[in-house]
Amino acid sequence: MVVGDISTGTDVLVIGGGPGGYVAAIRAAQRGLDTTLVEKDDYGGVCLNRGCVPSKALITGADLAHEASHAEEMGIHADPAVDMAQMVDWKDGIVDRLTGGVEKLCKANGVNLVKGTATFKDENSVRVAHGGEGQGSESIEFDSCVVATGSRTIQIPNFDYADDPVIGSKEALDMDSIPERLVVVGAGYIGMELSTVFAKLGTDVTVVEMLDDVLPTYEDDISTVVKRRAKDLGVDFQFGEGASEWRESSDGGITVVTETEDGEESTYPADKVLVAVGRSPVTDTLGLDAIGLEPNERGFLETDDYARTEIDHIFAVGDVAGEPMLAHKAFKEGIVAAEVIAGEPAALDYQAVPAAVFTDPEIATVGMTEAEAEEAGFTPVVGQMPFNASGRAMTTGHTEGFCRLVADEDSGFILGGQIVGPEASELIAEVALAVEMGATLEDVAATIHTHPTLAEVVQEAAENAEGQAIHTLNR
Ligand SMILES: Cc1cc2nc3c(=O)[nH]c(=O)nc-3n(C[C@H](O)[C@H](O)[C@H](O)COP(=O)(O)OP(=O)(O)OC[C@H]3O[C@@H](n4cnc5c(N)ncnc54)[C@H](O)[C@@H]3O)c2cc1C
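A short tour of the structure in this document, coming up. Please read all numbers here as calculations on a predicted model, not as lab measurements.

### Looking at the overall build of the chain
Across its full length, the chain holds 13 helices and 22 strands. Relative to the compact-globule value of 23 Å for 475 residues, the chain shows a C-alpha radius of gyration of 24 Å, a close match. Summarising its shape, the C-alpha atoms of the chain cover approximately 75 × 65 × 45 Å along the three principal directions. Within the chain, the proportion of its 475 residues that are buried is 51%. Restricting the contact set of the chain to residue pairs at least 6 apart, pairs at least 24 apart contribute 61%. Roughly 21900 Å² of accessible area belongs to the chain as shown, and the carbon and sulfur atoms make up 48% of that amount. Charge separation in the chain, taken as the distance between the mean sites of 30 positive and 84 negative side-chain charges, equals 5 Å.

### So, the sheet that holds strand S15 (residues 272-275)
Taken in spatial order, the five strands line up as S8-S15-S9-S10-S11 in an open sheet, and their pairing is parallel. Pairing within the sheet leaves two strands with one partner each, and these edge strands are strand S8 (166-167) and strand S11 (236-239). Strand direction decides the pairing type here: strand S10 (residues 204-209) and S11, joined by four bridges, are parallel. Of the residues in S11, the one forming a bridge with Glu209 is Phe239.

### Remarks on the sheet that holds strand S12 (residues 242-248)
As summarised here, the arrangement of the three strands in space is S12-S13-S14, forming an open sheet in which the pairing is antiparallel. Each edge of the open sheet is held by one strand with a lone partner, namely S12 and strand S14 (265-270). Averaged over all adjacent pairs, the angle separating strand axes in this sheet is 25°, with direction ignored. Judged from the six bridges that link them, strand S13 (residues 254-259) and S14 form a sheet pairing that is antiparallel. Pairing of Val257 across the sheet is with Thr267, part of S14.

### With respect to the state of the cysteines
Tallied over the entire structure, the rule returns zero disulfides. Cys145 takes part in no disulfide bond, and the closest cysteine sulfur, belonging to Cys106, lies 16 Å away. Using a relative accessible area of 0% as the deciding quantity, one classes Cys145 as buried.

### A closer look at the pairing of strand S20 (residues 380-386)
S20 sits mainly inside the fold: five of its seven residues count as buried. Where S20 and strand S21 (residues 402-408) come together, seven bridges link them in antiparallel fashion. From the neighbouring strand, Val382 faces S21, where its bridge partner is Val406.

### Let's talk about empty space enclosed by the protein
Inspection of the entire model under this criterion finds one cavity of 30 Å³ or more. Looking at the largest cavity, its volume works out to about 50 Å³. Lining the largest cavity, in full, are Thr153, Ser169, Ile190, Val275, Ala276, Val277, Gly278 and Arg279.

### Quick look at the nonpolar core
Formed by 38 residues in total, the largest nonpolar core has its most connected members in Met192, Phe198, Leu215 and Ile363. For this core, the secondary-structure elements that each account for two or more residues are helix H3 (52-69), helix H4 (84-108), strand S9 (181-185), helix H6 (189-200), S10, helix H7 (220-232) and strand S18 (355-357). Considering each element in turn, this core owes the most residues, five residues, to H6. Setting aside chain neighbours within four positions, we find Met192 in contact with Ala187, Val214, Leu215, Val226, Ala230, Phe237 and Thr359. If you look at the next biggest cluster of nonpolar residues, it comprises 30 residues, including Val366, Val381, Ala445 and Ala461.

### With respect to the packing of helix H1 (residues 19-30) against helix H8 (residues 327-341)
Viewed as axis vectors pointing N to C, H1 and H8 meet at an angle of 30°, and their least axial separation amounts to 7 Å. With respect to H8, the element H1 is oriented roughly parallel. As H1 packs across H8, the resulting crossing turns out to be right-handed. Counting all contacts with H1, which are made through Pro19, Gly20, Tyr22, Val23, Ala24, Arg27 and Ala28, the residues of H8 involved are Ala327, Ala330, Phe331, Gly334, Ile335, Ala338 and Glu339.

### Topic: the site of the ligand
Near the ligand there are 38 residues, and of these Gly20, Glu39, Lys56, Asp319 and Ala327 occur at the shortest range. Contacts to the ligand include Gly20, whose backbone N or O atom sits 2.8 Å from an oxygen atom. One nitrogen or oxygen atom from the main chain of Met325 is found 3.3 Å from an oxygen atom belonging to the ligand. If the ligand stood free it would expose 1000 Å²; the protein chains cover 97% of that surface.

### A closer look at the pattern of salt bridges
Pairing between side chains becomes possible if they bear opposite charge and their charged atoms approach one another. In this structure the tally under the stated criterion is 21 salt bridges. With a shortest N-O distance of 2.4 Å, Arg27 and Glu339 are connected by a salt bridge. Separated by 312 residues along the polypeptide, Arg27 in helix H1 and Glu339 in helix H8 bring together distant segments of the chain. Close ionic contact of Glu339 with Arg31 constitutes a salt bridge, the shortest N to O distance being 3.3 Å. Highlighted residues: Glu339 in helix H8 and Arg31 in the loop between H1 and strand S2 (35-39), separated in sequence by 308 residues. What makes Arg31 partly exposed here is its relative accessible area of 34%. What emerges from the salt-bridge pattern is a single network uniting Arg27, Arg31, Glu339 and Glu344.

### Some thoughts on the environment of Gly9
Considering the arrangement of structural elements, one finds Gly9 in strand S1 (residues 7-15). Here Gly9 is in contact with Asp34 and Glu141, once residues within four sequence places are set aside.

### Re the environment of Glu171
Position of Glu171 relative to the elements: it lies in helix H5 (residues 169-172). Look at Glu171 and you get partly exposed, because its relative accessible area is 29%. Sequence separation of Glu171 and Thr450 is 279 residues, and the distance between their C-alpha atoms is 42 Å.

What counts and how
- Residues numbered from 1 in each chain as written.
- Predicted model: local features only at pLDDT ≥ 70, side-chain atom pairs only at ≥ 80, totals over all residues.
- Heavy atoms only, no water.
- Helix = DSSP H or I, 4+ residues; strand = E, 2+ residues; numbered from the N terminus.
- Rg over C-alpha atoms; globule rule 2.2 N^0.38 Å.
- Buried < 20%, exposed > 50% of the residue type's maximum accessible area, 1.4 Å probe, protein only.
- Contact = heavy atoms within 4.5 Å.
- Areas by Shrake-Rupley, 256 points an atom, 1.4 Å probe, with all protein chains shown as cover.
- Lys, Arg positive; Asp, Glu negative; His and termini not counted.
- Charge placed at Lys NZ, Arg CZ, Asp CG, Glu CD.
- Pairing = 2+ DSSP bridges.
- Axes fitted to C-alpha atoms, helices over the stretch in contact; angles between N-to-C directions.
- Disulfide = S-S within 2.5 Å.
- 1 Å grid on protein atoms, 1.4 Å probe; cavity = no way out; pocket = protein on both sides within 12 Å on 5 of 7 lines; lining within 4 Å.
- Points joined across faces, edges and corners; volume = space filled by probe spheres on them.
- Core = buried A, V, L, I, M, F, W, Y, C linked by side-chain atoms within 4.5 Å.
- Parallel < 35°, antiparallel > 145°, perpendicular 65-115°, else oblique.
- Left-handed = near helix turned anticlockwise from the far one by under 90°.
- Near = heavy atom within 4 Å.
- Polar contact = N/O pair within 3.5 Å; in protein donor to acceptor, adjacent residues only side chain to side chain.
- Salt bridge = Lys/Arg side-chain N within 4 Å of Asp/Glu carboxyl O.

This is the structure in structure tokens:
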């Protein structure tokens, strides 16, 4: 029999084994549904293999090296030598443990794992090509399907990732030596995180950005803190310039050419150019024509509050289903899709989706900003606590930034928070819980926080909003 003739059936078919897909598959199997997960590449998707986890591993390594060499004030005199190949090996070890863990968890929960690329044949079946010469294909019929095919790096004209000096975030996380000079195209969160890593490892970093500031989705007083620190670390910013091409140069490196809107050219010498201009959803390789499903003008699959596409039994979760393209948003959507398929009363609620940028210092936000609260018809009251008034922040040697809470003046309900400073990515969990639970400023202010900890800044910001701060002057 020809391998392509094999046809199997499943209750739930999940396409893509990243954070959206593997979570959906595990939850569906936990609910007693016969579940099949098709993954063409590595379990864990972008997040575990070339995104969240590897980037945070290198951020930790670069931080440690930088801290150790800048701790004279604490009486520490060190000049660490960084072996980049070994750091990448260490990072790969973490990735392997996690991706192996995902595979084991899927199997232990009874998910059928199929390696291959799925394309729709019709509304109730896919063809899975097993990849590689002579490996054949199979058909899988399903009652419900969860599309979790994620996103890929956007390519810009004249910067082909196949060319050696041109790298994307994936290659930047796998370099076995530290480049002397790096041009980073794009000052979004991936560009900023990786610029900080390489600046701390001693690379001469130039960031080229078409807009006039870093991290445009964040409030100015937040991005300013990060930009200032990046400049202190030696990062050179060139705003209002777009990268137009690169050329080999006589010194063995390359020259990156940029252009302003008025056509003015500049050139920057480099050894590598890292393109970090964003990511686009993966929908083109799914055979969507066969089911008549069309992505929207930005390429995303539109979904309702139940993660359903316009075809009732086909769901979409994670990066392919729209912004914010974050792993924890994918987790949540995967869980909701699986529970809805299982007939449970689950639904999506985007009120409290935290976001973190692992720059130095970190940024983390959740819920509404003051402007958004105003726009939504609230009368916002704001409380702020600077890290330079926190005893714990001083003992960590990191006092830049602040914690801000935004609440509704009438009810005291916390609507959102923005933190820029040490451990912001961890601290935001308290604010997310407050927003999710409908906690008030009074609730947070009345909660006894351990002293001395960074988390006290959240309590102090709540007290500040109420005009009751003790350790800072009230507003
Ligand atoms: C450098 C970097 C750093 C990041 N840092 C963070 C962070 O700190 N925090 C955070 O929340 N997010 C971070 N992200 C974003 C995060 O990685 C994504 O939001 C997340 O991986 C999305 O999960 P997903 O399941 O939607 O898709 P993906 O992780 O992209 O997984 C999709 C999977 O589907 C598979 N696939 C695609 N098409 C098919 C097909 N036809 N058949 C079978 N399989 C298919 C792919 O091989 C892939 O494994 C980062 C991303 C990058 C690039």
